[in-house]
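# Analysis of the macromolecular model
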Amino acid sequence: MSYHIVDMTNASEPETEPVLLSKHAKNLLRFLHLLPARMSSHDSTRSTIVFFAICGLDVLHSLHLVSPQLRQDIINWTYGGLVVPREQEKRCGGFMGCRAMLPQTEDAQVLECMRKYQWGHVAMTYTSIAVLVTLGDDLSRLDRKSIVDGVAEVQRPDGSFSACVDGSENDMRFVYCAATICHMLDYWGNVNKESMFQFIIRSLRYDYGFSQELEGESHGGTTFCALAALELSGQLDRLDATTVERIKRWLVFRQMDGFQGRPNKPVDTCYSFWIGAALRMLNTFELTDYAQNREYILSTQDKMIGGFAKWPQSSPDPFHTYLGLCGLAFTGEPGLNAVMPSLNISMTAYSHLNELHQRWRANKGLSQDLVQLKLNGDGVESETANGTTSSSPLVSAQ
């Protein structure tokens, strides 16, 4: 008898609710064209919404729904927010979150005035680079050194990072963003990794979760940011075994059915990613209850228009939709692309990023060889192969 015609299911077990993959894809695709009125306040962080939509479609294996023209338009729009400082300006390289500081005018005086308010924001720089990588861009329009110089400029004496050069909060969120930028650009420049490590360690609380800032409360999102920053900077193995085991315990105890961000708080769809990714980095995710996690995430699924919400009976949004999909991907949900935990992009996008890293490293070695050949008798560096003079250890990604 062939097993292909035998019903191997247990009739007493209830059918599991399906993940509405196509509806979620259509929901995310709509956010690339139009935001509902209730989200108008998020216009200044539009690049993060693009991140959730594009990366969500990638996890859904649905990037083909983005037409070639729209894909190119998104790439060009993303590069439109890139700030490359001039010689006399502060080191403020990176991507802006919106285009409010880019007036549509040819008035030189207005443009020069607005120039003083154009600077990179580390969170928007992270999401912008991630979008470009996910869309298959080669990052050839980036000045990697300029961007990382901007990251180093916002590092505080205690090792933390601010969002931008004009001042802002400095906490673990931006430590994470700084680490992602440097890792994705394969260059750390003048960023002080030791100082960053010490800030992270000082943020480890008595219960072995990490806080947003020094002397704060342990938090699931912050714990993800701390562990991911350590992994991306190659310093996760500096945590001793006892500390790691206690961090694992704190993380595992965040599961109720779904996951909560702090003790005695309600569960929330997004923590299926924040806690799940942290456990994946520590190779401990298998200690969680996959079925309970899935059941909670699907309880927030909007069956009419697609998308996931924070809580059941709430309105879905791109943030919880994307992170809910990532949480499901960690459990091996069929139809979803695998997710690289610490960078929060798909493994497909991560593979493309690694190819870029290999190319840059090969070009760096070739360029350094050419520079060495062009040294004159006094040891003074001459022009490189492309006609520019450089003493930087970094070869531009151009």
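Attention here is on the structure that accompanies the text.

Conventions we followed
- Each chain carries its own residue numbering, running from 1 in the direction its sequence is written.
- At least 70 in pLDDT is required for a residue's local features to be given in this predicted model, at least 80 for side-chain atom pairs to be given and counted, and no such filter applies to totals for whole chains, interfaces and linings, which use all residues.
- Hydrogens and waters are ignored; side-chain quantities use all the structure's heavy atoms.
- The way it works is that DSSP assigns letters per residue, a run of H or I at least four long becomes a helix, a run of E at least two long becomes a strand, and they are numbered from the N terminus.
- Helix span, expected: 1.5 Å multiplied by one less than the number of residues in the helix.
- Accessible area is worked out with a 1.4 Å probe on protein chains only. A residue is then buried under 20% of its type maximum, exposed over 50%, and partly exposed in between.
- The salt bridge criterion pairs a side-chain nitrogen of Lys or Arg with a carboxyl oxygen of Asp or Glu, the two atoms within 4 Å.
- The contact definition used throughout considers only heavy atoms, calling two residues in contact when any of these lie within 4.5 Å.
- To get an axis, fit a line to the C-alpha atoms, keeping to the stretch in contact for a helix; angles then go from 0 to 180 degrees between the N-to-C directions.
- Crossings are sorted by hand: turned counterclockwise from the far helix by less than a right angle, the near helix makes the crossing left-handed, and turned clockwise it makes it right-handed.
- Each residue is assigned to one class: nonpolar for Ala, Val, Leu, Ile, Met, Phe, Trp, Tyr, Cys and Pro, charged for Asp, Glu, Lys and Arg, and polar for all the others, Gly among them.
- Any two of the Phe, Tyr and Trp rings considered here, Trp counted by its six-membered ring, make a pair once their centres fall within 6.5 Å; the pair's planes then place it as stacked at under 30 degrees, edge-to-face at over 60, or tilted in between.
- For classification, angles of less than 35 degrees are called roughly parallel, those exceeding 145 degrees roughly antiparallel, those between 65 and 115 degrees roughly perpendicular, and all remaining angles oblique.
- We count Lys and Arg on the positive side and Asp and Glu on the negative side, and we leave His and both chain ends out.
- Distance and chemistry together define a polar contact, namely a pair of N or O atoms within 3.5 Å, with one atom able to donate a hydrogen and the other to accept it when in protein, and with adjacent residues in sequence counting only for side-chain atoms on both sides.

## Some points on helix H5 (residues 122-134)
An ideal rise of 1.5 Å per residue puts 18 Å on 13 residues; H5 measures up with 18 Å between its terminal C-alpha atoms. Most of H5 sits inside the fold, with 13 of its 13 residues counted as buried.

## Description of the environment of Gln72
One can find Gln72 in helix H3 (residues 68-79). Residue Gln72 is classed as partly exposed on the basis of its relative accessible area of 36%. It is 9.3 Å that separates the C-alpha atoms of Gln72 and Asp137, two residues lying 65 residues apart in sequence.

## Observations regarding the pattern of salt bridges
Taken as a whole and judged by the stated rule, the model has twelve salt bridges. The salt bridge partner of Glu112 is Arg86, with a shortest N-O separation of 2.9 Å. Of the two residues, Glu112 is situated in helix H4 (residues 108-115) and Arg86 in the loop between strand S1 (82-83) and strand S2 (94-95); the sequence distance between them amounts to 26 residues. Accessibility expressed as a relative area gives 35% for Arg86, which makes it partly exposed. Measuring nitrogen to oxygen at the nearest pair gives 2.7 Å for the salt bridge that ties Glu153 to Arg91. Placement of the pair is Glu153 in helix H6 (residues 144-153) and Arg91 in the loop between S1 and S2, with a sequence separation of 62 residues. In this structure Arg91 comes out as partly exposed when scored by relative accessible area, which is 39%.

## Let's talk about the environment of Ala123
Mapped onto the elements of the fold, Ala123 is located in helix H5. Residue Ala123 is classed as buried on the basis of its relative accessible area of 16%. As a C-alpha pair, Ala123 and Thr45 span 78 residues in sequence and 9.3 Å in three-dimensional space. Sequence-distant contacts of Ala123, defined by excluding residues within four places in its chain, comprise Phe174 and Cys177.

## Quick notes on the packing of helix H9 (residues 220-232) against helix H10 (residues 241-252)
One way to put it is that H9 packs onto H10 with a least axis distance of 11 Å and a crossing angle of 145°. Note that H9 runs across H10; the crossing there is left-handed. Between H9 and H10, the contacting residues are Gly220, Thr223 and Leu227 on the first element and Ile247, Trp250 and Leu251 on the second. Grouping the constituent residues of the contact of H9 with H10 by class yields four nonpolar, two polar and no charged.

## As for the packing of aromatic side chains
Each aromatic ring pair is summarised here by two numbers: the centre-to-centre distance and the angle between the ring planes. On inspection of all chains with the given rule, the structure shows 15 aromatic pairs. Where Phe51 meets Tyr322, the ring centres are 5.6 Å apart and the plane angle is 75°; that geometry is what we call edge-to-face. Taken together, the positions of Phe51 in helix H2 (residues 46-59) and Tyr322 in helix H13 (residues 318-330) put the pair 271 residues apart, joining distant regions of the chain. By the burial criterion, Phe51 is buried, and Tyr322 matches it. Ring geometry for Tyr126 against Tyr176: centres 5.6 Å apart, planes inclined by 75°, an arrangement best described as edge-to-face. Of this pair, Tyr126 sits in helix H5 while Tyr176 sits in helix H7 (residues 172-184); the two residues are 50 residues apart in sequence, bridging distant segments of the chain.

## Considering the packing of helix H8 (residues 193-202) against H9
Think of two packed helices as two axes; the pair is described by the angle between the axes and how far apart they sit. It is the contact of H8 with H9, at a shortest axis distance of 10 Å, that shows an interaxial angle of 150°. On the basis of their axis angle, the class for H8 and H9 is roughly antiparallel. In this structure, H8 meets H9 at a crossing whose hand is left-handed. Seen from H8, the contacting residues are Met196, Phe197 and Ile200; seen from H9, they are Ala226, Ala229 and Leu230. Here the residues of the contact of H8 with H9 are counted per class, giving six nonpolar, no polar and no charged.

## A short note on the side chain of Arg205
Tracing the backbone shows Arg205 in the loop between H8 and H9. One buried charged residue, Arg205, remains without a salt bridge, the closest side chain of opposite sign being Glu215 at 4.0 Å. Here Ser203 takes part through its backbone oxygen, which lies 3.3 Å from a polar atom of the side chain of Arg205. Side-chain polar atoms of Arg205 contact the side chain of Ser211, separated by 3.2 Å. In this structure Arg205 touches Ser211, Glu213, Glu215, Gly216, Glu217 and Ser218, once residues within four positions along its chain are discounted.

As far as function goes, none of this settles anything; it's purely spatial.
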